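Here is what each chain is made of, one letter per residue.
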Amino acid sequence: MAGPTAMRLSSVLALLRPALPLILGLSLGCSLSLLRVSWIQGEGDDPCVEAVGKAGGPQSLDSRTQLDQSDEDFKPRIVPYYRDPNKPYKKVLRTRYIQTELGSRERLLVAVLTSRATLSTLAVAVNRTVAHHFPRLLYFTGQRGARTPAGMQDDTYVQAPRLAALAGHLSINQDLYLGRAEEFIGAGEQARYCHGGFGYLLSRSLLLRLRPHLDGCRGDILSARPDEWLGRCLIDSLGIGCVSQHQGQRYRSFELAKNRDPETESSLAFLSAFAVHPVSEGTLMYRLHKRFSALELERAYSEIEQLQAQIRNLTALTPEGEAGLSWPLGLPAPFTPHSRFEVLGWDYFTEQHTFSCVDGAPKCPLQGASRADVGDAVETALEQLNRRYQPRLRFQKQRLLNGYRRFDPARGMEYTLDLLLEAVTQRGHRRALARRVSLLRPLSRVEILPMPYVTEATRVQLVLPLQAAEAAAAPTFLEAFAAGVLEPREHALLTLLLVYGPREGGRGAPDPFVGVKAAAAELERRYPGTRLAWLAVRAEAPSQVRLMDVVSKKHPVDTLFFLATVWTRPGPEVLNRCRMNAISGWQAFFPVHFQEFNPALAPQRPPPGAGPDPPSPPGADPARGAAGGGRFDRQASAEGCFYNADYLAARARLAADLAGQEEEEALEGLEVMDVFLRFSGLHLFRAVEPGLVQKFSLRDCSPRLSEELYHRCRLSNLEGLGGRAQLAMALFEQEQANST
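- In the annotation of an unreviewed UniProt entry, the entry for the protein chain reads Hexosyltransferase, and the organism field reads Bos indicus x Bos taurus.
- The Subcellular location (unreviewed entry) field of the UniProt record for the protein chain holds the comment "Golgi apparatus, Golgi stack membrane".
- Per UniProt, the protein chain has the following entry under Sequence similarities (unreviewed entry): "Belongs to the chondroitin N-acetylgalactosaminyltransferase family."

Here it is in structure tokens:
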């Protein structure tokens, strides 16, 4: 019996022998998995889960499962806004930048130690060479021996981009004292200070630790040099000395010998330096900046060529191949329009004229920045041609035959130039050639322009001039003012300027503004504490400037005016943009409102259920209708935001430049925007305002206006009738009616 059993067992083992490794592997894997689960879910508590349980109270048995689920599918909880009607309304003021509200700090703050003797020379040179690279730059003036810890001296040239890149690789949470390490006289090797002439970096954590010891260092340490005093204070109080290398980053500096020319310096220490010292005069600072800027430019061009070569090599491996390359390499492809309305048009120009003018004229002189832009493009094209074909050919420009340019929002400004060139060979042979070249001025890094700081807390004084013909529309304006300004408790006031004619409002004549005064009194009753002021003016031919003169004398010079019309619909967003864009002593803001087309020519909305509604025009409020569309009225300039002081300054300049009858004619024929444009040095900012949507209305074009303003008024009325398709349909229907 033993024999057959042994044979049967051996046959079974023979069958299972090929699968033994698989069975052993599965068994070992399952065992290790069970062992790992026992370690994770054993008797020991998870410190993270335990900490959460302590912070949030008793922890449920299923806490780990809840944490895992929350990590996998996190959904923010939206807290709805609720305002207690029993508490007074308080407007929340937002900061200008989001980093201020978040409490973010700049990564690098640069302090410069200067003196009164060098403030107008070396300090100015430092400011012009590095100020635009650093977010914060502080100057400490005083004696050279002042015990003020500073990052650099004014006789130091700093290569700002390299220093900013170095600071970006260092941790601000560690104690850091980095610079050119120098030994104290008679001290050990560990007692080193950072030479102030070459600058040094101090971390914020180290400054916070040093702050309690500064008073003691002032009394105990005597030193004529501020850098030695700072180094001794750090060593004595914190035991930290200067280092030249930290976290793999080395602080490189170069000592410039006397009468050394930076243009001929080619040593590796100079080319890779972060700081150069000493700089004896401002002109030397500018020469150093020119040399290092040229080095950085060459390095940037070299990196661009390397990246373009890599792009060209990798493109061969893509499905599209080299056909998918866009010119220039490394820049976005040209914008691809999806309809005929998105096609980017080209502007034609020559060396003297451009054929796309702002005022709609077919031809105007090429001047100012546009002329400089075209000249730079032609010079760049000629330079690139000579660089490519020299020394075999040398090109000289004879004239520009044709020029085309367009702005591509995805790439930048594109140029196509037809140039008449004279080609000169090495043997001196000359020949005229006509060649077409394409250029691109790519979009660079977006930078914030330095502007004076303004807030959204400024009170806005709305001014509404009203004539008798506009009195019927005034109650609608007042209701819109109540809904957009009084209801949200905006910090704004309203002054009604009632303009009476020579025979209006007199004895025995009815008051045309009785309804306006009643509507204003009703708003004062509905909103306690509200005061709607009104002024009565009698004028035969009122002009906007004369009316503004009356209002200006009634308010302080720091008043922010918002000049409105009876069709204006103010709101919180409009008032905030008025506050932000009108800057005292700097800028006046005249928004471009959205004007609805004539409803008689515009198609009506289909009835409910007949299909989807047509899309609303850009900037139109769906709650206000605008079913027939409209357009931004660039010809109208009756609305504006400006400060009273700026208006008074422009008005005084007008009175000084024009006198007598000429001034009287100018006051009748000018608007407030033209006064700022012609008699003020402020920036005049015009931009579309989607919050200002006006119903269709025909403006009253006074014949007393200047020829330009009268033309703009008539053009505004004509363009506001309807779009080209609507006008064409109206003409077609009229012809059909006449034919029948």
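Let's pick the thread back up.
### Description of the packing of helix α16 (residues 544-552) against helix α18 (residues 644-657)
At step 1: With their axes 11 Å apart at the nearest point, α16 and α18 run at an angle of 125° to one another. Relative to α18, α16 is oriented oblique. Handedness of the α16/α18 crossing: left-handed. Seen from α16, the contacting residues are Val545, Met548, Asp549 and Ser552; seen from α18, they are Asn644, Tyr647, Leu648 and Arg651.
At step 2: For the contact of α16 with α18, the per-class residue count stands at four nonpolar, two polar and two charged.

### A word on the side chain of Gln461
At step 1: Inspection of the secondary structure assignment puts Gln461 in strand β19 (residues 460-467).
At step 2: For Gln461, a relative accessible area of 5% gives the class buried.
At step 3: At a separation of 2.7 Å, a polar atom in the side chain of Gln461 contacts the side chain of Thr495.

### Some remarks on the sheet that holds strand β3 (residues 152-153)
At step 1: Overall, parallel pairing links the three strands, which are arranged β2-β1-β3 in an open sheet. In the strand order of this sheet, the two ends are held by β2 (136-140) and β3, each with one partner.
At step 2: Pairing geometry for strand β1 (residues 109-113) and β3, over two bridges, is parallel. If you follow Val112 over to β3, its bridge partner there is Met152.

### Focus on the packing of aromatic side chains
Both the distance between ring centres and the angle between the ring planes are used here to describe each pair of aromatic rings.
At step 1: In the structure shown here, the tally under the stated rule is 18 aromatic pairs.
At step 2: Here Phe270 and Phe292 contribute two aromatic rings whose centre-to-centre distance is 5.0 Å and whose plane-to-plane angle is 45°, an arrangement assigned as tilted. Taken as a pair, Phe270 in helix α11 (residues 268-271) and Phe292 in helix α12 (residues 282-315) lie far apart in primary sequence, 22 residues in all.
At step 3: Residue classification places Phe270 among the buried residues on the basis of a relative accessible area of 0%.

### Focus: unusual backbone geometry
At step 1: That bond from His277 to Pro278 is cis: its omega, 0°, falls within 30 degrees of zero.
At step 2: Mapped onto the elements of the fold, Pro278 is located in the loop between β12 (275-277) and α12.
At step 3: The omega torsion across Gln390 and Pro391 is 5°, close enough to zero to call that bond cis.
At step 4: By the secondary structure assignment, Pro391 is in the loop between α13 (369-389) and β16 (393-408).
At step 5: Unlike most non-glycine residues, Gln247 shows phi in positive territory, near 55°.
At step 6: Here Gln247 lies in the loop between β9 (245-246) and β10 (249-250).
At step 7: One non-glycine residue, Asn259, lies in positive phi territory at about 60°.
At step 8: Along the polypeptide, Asn259 turns up in the loop between β11 (253-255) and α11.
At step 9: Classification of Asn259 by relative accessible area gives exposed; the value is 77%.

### Details of the pairing of β16
At step 1: Alignment of strand β13 (residues 347-349) against β16, held across three bridges, turns out to be antiparallel. What sits directly across from Phe349, in β16, is Gly403.
At step 2: Sheet topology note: the β16/strand β17 (residues 412-425) ladder contains 14 bridges and is antiparallel. Directly across from Phe395, in β17, lies its bridge partner Ala423.
At step 3: Counted between consecutive antiparallel strands, the loop separating β16 from β17 contains three residues.

### Notes on the UniProt feature "coiled-coil region" (unreviewed entry) in the protein chain
At step 1: Residues given the UniProt feature "coiled-coil region" (unreviewed entry) here are residues 290-317.
At step 2: In residues 290-317, helix accounts for 93% and strand for 0%; the two terminal C-alpha atoms are 42 Å from one another.

Parameters at a glance
Residues numbered from 1 in each chain as written. Predicted model: local features only at pLDDT ≥ 70, side-chain atom pairs only at ≥ 80, totals over all residues. Heavy atoms only, no water. UniProt positions renumbered as here; feature names shortened; annotations may be inferred. Axes fitted to C-alpha atoms, helices over the stretch in contact; angles between N-to-C directions. Helix = DSSP H or I, 4+ residues; strand = E, 2+ residues; numbered from the N terminus. Parallel < 35°, antiparallel > 145°, perpendicular 65-115°, else oblique. Left-handed = near helix turned anticlockwise from the far one by under 90°. Contact = heavy atoms within 4.5 Å. Nonpolar A, V, L, I, M, F, W, Y, C, P; charged D, E, K, R; others polar. Buried < 20%, exposed > 50% of the residue type's maximum accessible area, 1.4 Å probe, protein only. Polar contact = N/O pair within 3.5 Å; in protein donor to acceptor, adjacent residues only side chain to side chain. Pairing = 2+ DSSP bridges. Phe/Tyr/Trp six-rings, centres within 6.5 Å; stacked < 30°, edge-to-face > 60°.

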